[in-house]
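Residues per chain are reported as follows:
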Amino acid sequence: MSEKATLELNGQKYDFPLKSGTENETAIDISSLRNSTKGIITLDSGFKNTGSCESAITFLDGEKGILRYRGYSIEELAEKADFLEVAYLLIFGELPTQEQNLKFHNDIKAQSVVDEDVKKILDAFPKTAHPMGVLSSLTSALTAFNPSSVNVNSEEDMYKAIVKIMGKFPVLVAWTLRKKNGLPLDYGEKNIGYVENVLKMMFKQPNEDYVQNKVLIEALDKLLILHADHEQNCSTSTVRIVGSSHAGLFASLSAGISALWGPLHGGANQAVLEMLEAIKADDGDTKKYMAKAKDKNDPFRLMGFGHRVYKNFDPRARIIKKAADEVLEDLGIEDPILDIAKGLEQEALKDPYFVDRKLYPNVDFYSGIIYRAMGIPTDMFTVMFALGRLPGWIAQWREMRLNNEPIGRPRQLYVGATERSFVEVDKR
Ligand code: ACO
């Protein structure tokens, strides 16, 4: 392949170098475009063709349905690793040794207490507040309780900030649920695993011991791993762009949580369940909803279907579908919602509208079914996604700062009014 791309504009030629990634992907480096052409920019709404950075964290090939963290396949990690190992891998680049793993977990545990005054902030929210709004606010509030900024050139400082947020974030997640359920706030237990502690903090009743369920621990561990990173998606790009102004880690994460909230991104898992409930209430009429999804005059979309980069089966959806079956079987739950989901999937996979547009079920099509079986309320699903995505956001923020990336500041094509004179109010 040639080593440059040539742009011809008004009879003049401009050359731009090509860059190759380690998976042989190619990018045209247009960083000199505006200078050399004296002001011309590219226009790429939604960044469908624009690489915002070079990253060594996650590789995905949407056409082939491949997802790898730091070179390891998602299938292998979901089967063999636990969430904290994956978090370490994403953030620091290599799987931890036993010693590193233990230290990482202990350091996280040492940071798993949140200032008591955070409870006052939580108290001010109504019980009906959406948990994502609460989580984003509490994460932002952590900056006030931990004001020292991270010296990104100090590995020790960076590590301290990372274990701090890895320790405190699950407490905020659990408290968000407990507040919603009217339960006293709890710190869980120091001597159990990270995921076990999350479950205990969320569900322990004040007047009885919490009994762990191995199937639930494994399913949640898997879900968190599957959600841990997904390269430059909306919330991750948000974390990177906020952090590129040298805003702190917690503030950048709080912005990422807000981005994740939307139904076209992380909020889809809530939207999927709401859609399946609506279909169930409508006599399980999947055909009607398939028709609505295909009708261009109807804004309805089949939630949990389609993906910006996967134009093939989302590899995470395959793993999660199997886990959903296992959890429901183990808990002895027969959920008509699952039957509706399976029916919809079968119809969509053979419908020319979905086939032609390469719309396959994504990870969120099945994750809500597992969360529901675990007893997690629908509006908490995206909070669980955020808990899983935390190490990915941290890894991306860290990489961005260590690479000394410039502040993110896109250009625009102005299409508004040209210069005009002000008209006094009485003459308008
Ligand atoms: N139902 C019906 N039609 C759909 C759907 C859907 N779920 N998704 C895409 N389409 C159609 C579009 O109408 C469009 O049709 P057209 O070419 O005839 O105009 C075509 O497929 C391409 O869709 P785009 O919106 O251009 O694709 P884009 O890459 O911008 O959007 C997205 C991807 C936002 C995920 C979209 O598929 C969608 O809205 N899906 C439902 C929401 C969802 O499940 N989001 C979760 C994503 S995964 C995650 O964030 C973890």
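Here's what I pulled together on the structure shown here. Predicted model only: the values in this text are computed from it and were never measured.

The rules behind the values
- Residues numbered from 1 in each chain as written.
- Predicted model: local features only at pLDDT ≥ 70, side-chain atom pairs only at ≥ 80, totals over all residues.
- Heavy atoms only, no water.
- Phe/Tyr/Trp six-rings, centres within 6.5 Å; stacked < 30°, edge-to-face > 60°.
- Helix = DSSP H or I, 4+ residues; strand = E, 2+ residues; numbered from the N terminus.
- Core = buried A, V, L, I, M, F, W, Y, C linked by side-chain atoms within 4.5 Å.
- Buried < 20%, exposed > 50% of the residue type's maximum accessible area, 1.4 Å probe, protein only.
- Axes fitted to C-alpha atoms, helices over the stretch in contact; angles between N-to-C directions.
- Left-handed = near helix turned anticlockwise from the far one by under 90°.
- Contact = heavy atoms within 4.5 Å.
- Nonpolar A, V, L, I, M, F, W, Y, C, P; charged D, E, K, R; others polar.
- Near = heavy atom within 4 Å.
- Polar contact = N/O pair within 3.5 Å; in protein donor to acceptor, adjacent residues only side chain to side chain.
- Areas by Shrake-Rupley, 256 points an atom, 1.4 Å probe, with all protein chains shown as cover.
- Pairing = 2+ DSSP bridges.

1. Let's talk about the packing of aromatic side chains
Thought 1: Scanning the entire structure with this criterion turns up 14 aromatic pairs.
Thought 2: Pairing Trp175 with Tyr187 gives two aromatic rings, centres 5.4 Å apart and planes at 65 degrees, and the pair type is edge-to-face. Linking Trp175 in helix α7 (residues 155–180) with Tyr187 in the loop between α7 and α8 (194–203), this pair joins segments that are twelve residues apart in sequence.
Thought 3: Pairing Phe305 with Phe365 gives two aromatic rings, centres 5.0 Å apart and planes at 75 degrees, and the pair type is edge-to-face.

2. A look at the nonpolar core
One broad trend across soluble globular proteins is that nonpolar side chains are buried collectively.
Thought 1: In this structure, Tyr69, Leu276, Leu302 and Ile369 are the most contacted members of the largest nonpolar core, which totals 114 residues.
Thought 2: Broken down by element, this core gets its largest block of residues, 14 residues, from α7.

3. Some remarks on the packing of helix α3 (residues 83–92) against α7
Two measures define how a pair of helices packs: the angle their axes make with one another and the distance between the axes.
Thought 1: Axis separation between α3 and α7 bottoms out at 13 Å; the angle between their running directions is 145 degrees. Handedness of the α3/α7 crossing: right-handed. Counting all contacts with α3, which are made through Leu84, Ala87, Ile91 and Phe92, the residues of α7 involved are Tyr159, Ile162 and Met166.
Thought 2: Among the residues forming the contact of α3 with α7, the class breakdown is seven nonpolar, no polar and no charged.

4. Some thoughts on the site of the ligand
Thought 1: What surrounds the ligand is a group of 21 residues, the closest being Arg301, Leu302, Gly304, Arg308 and Tyr353.
Thought 2: Lys296 has a polar side-chain atom sitting 3.0 Å from an oxygen atom of the ligand.
Thought 3: Tyr353 places a polar side-chain atom, nitrogen or oxygen, 2.9 Å from a nitrogen atom of the ligand.
Thought 4: Protein contact buries 78% of the 920 Å² of open area that the ligand shows by itself.
Thought 5: The residue inventory of the shell around the ligand, partitioned by class, reads ten nonpolar, five polar and six charged.

5. A look at the environment of Phe313
Thought 1: Assignment of secondary structure puts Phe313 in the loop between α13 (286–294) and α14 (315–331).
Thought 2: Remark: the alpha-carbon pair of Phe313 and Leu359, spanning 46 residues in sequence, is separated by 8.3 Å.
Thought 3: Those residues in contact with Phe313 that sit more than four places away from it in its chain are Gly65, Arg318, Glu345, Leu349, Tyr360 and Pro361.

6. Re α3
Thought 1: The buried count for α3 comes to eight of ten residues, which makes it a mostly enclosed element.
Thought 2: Along α3, the positions that sit buried rather than exposed are Phe83, Leu84, Val86, Ala87, Tyr88, Leu89, Leu90 and Ile91.
Thought 3: Between the side-chain oxygen at the start of α3 and the backbone nitrogen of Leu84 there is a gap of 3.2 Å, and the oxygen is on Asp82.
Thought 4: Directly beyond the C-terminal end of α3, a positive phi value near 100 degrees is found at Gly93.

7. Let's talk about the sheet that holds strand β2 (residues 12–20)
Thought 1: The strand order β1-β2-β3 describes an open sheet built from three strands, whose pairing is antiparallel. The open sheet is flanked by β1 (4–9) and β3 (26–28), the only strands paired with a single partner. Within the sheet, the average angular offset between the axes of one strand and its neighbour, ignoring direction, is 30 degrees.
Thought 2: With six bridges joining them, β1 and β2 adopt antiparallel strand pairing. In the strand pairing of β2, Thr6 is matched with Asp15.

8. Side note on the pairing of strand β4 (residues 58–61)
Thought 1: Neither face of β4 is open: one carries Thr58 and Leu60, the other Phe59 and Asp61, and all of them are buried.
Thought 2: As defined by bridge partners, β4 adjoins strand β5 (residues 66–69) across four bridges and the pair is classed as antiparallel. In the sheet register, Asp61 faces β5, and the bridge partner there is Ile66.
Thought 3: Connecting the antiparallel pair β4 and β5 is a turn made up of four residues, with Gly65 showing a positive phi of about 70 degrees.

9. Describing unusual backbone geometry
Thought 1: Positioned with a positive phi, Glu231 is a non-glycine residue whose angle comes to about 40 degrees.
Thought 2: By secondary structure assignment, the location of Glu231 is in the loop between α9 (214–227) and α10 (234–243).
Thought 3: Residue classification places Glu231 among the partly exposed positions, given a relative accessible area of 24%.
Thought 4: In this model, Lys358 sits at a positive phi of 55 degrees, which is unusual for a non-glycine residue.
Thought 5: The exposure class assigned to Lys358 is partly exposed, which follows from its relative accessible area of 44%.

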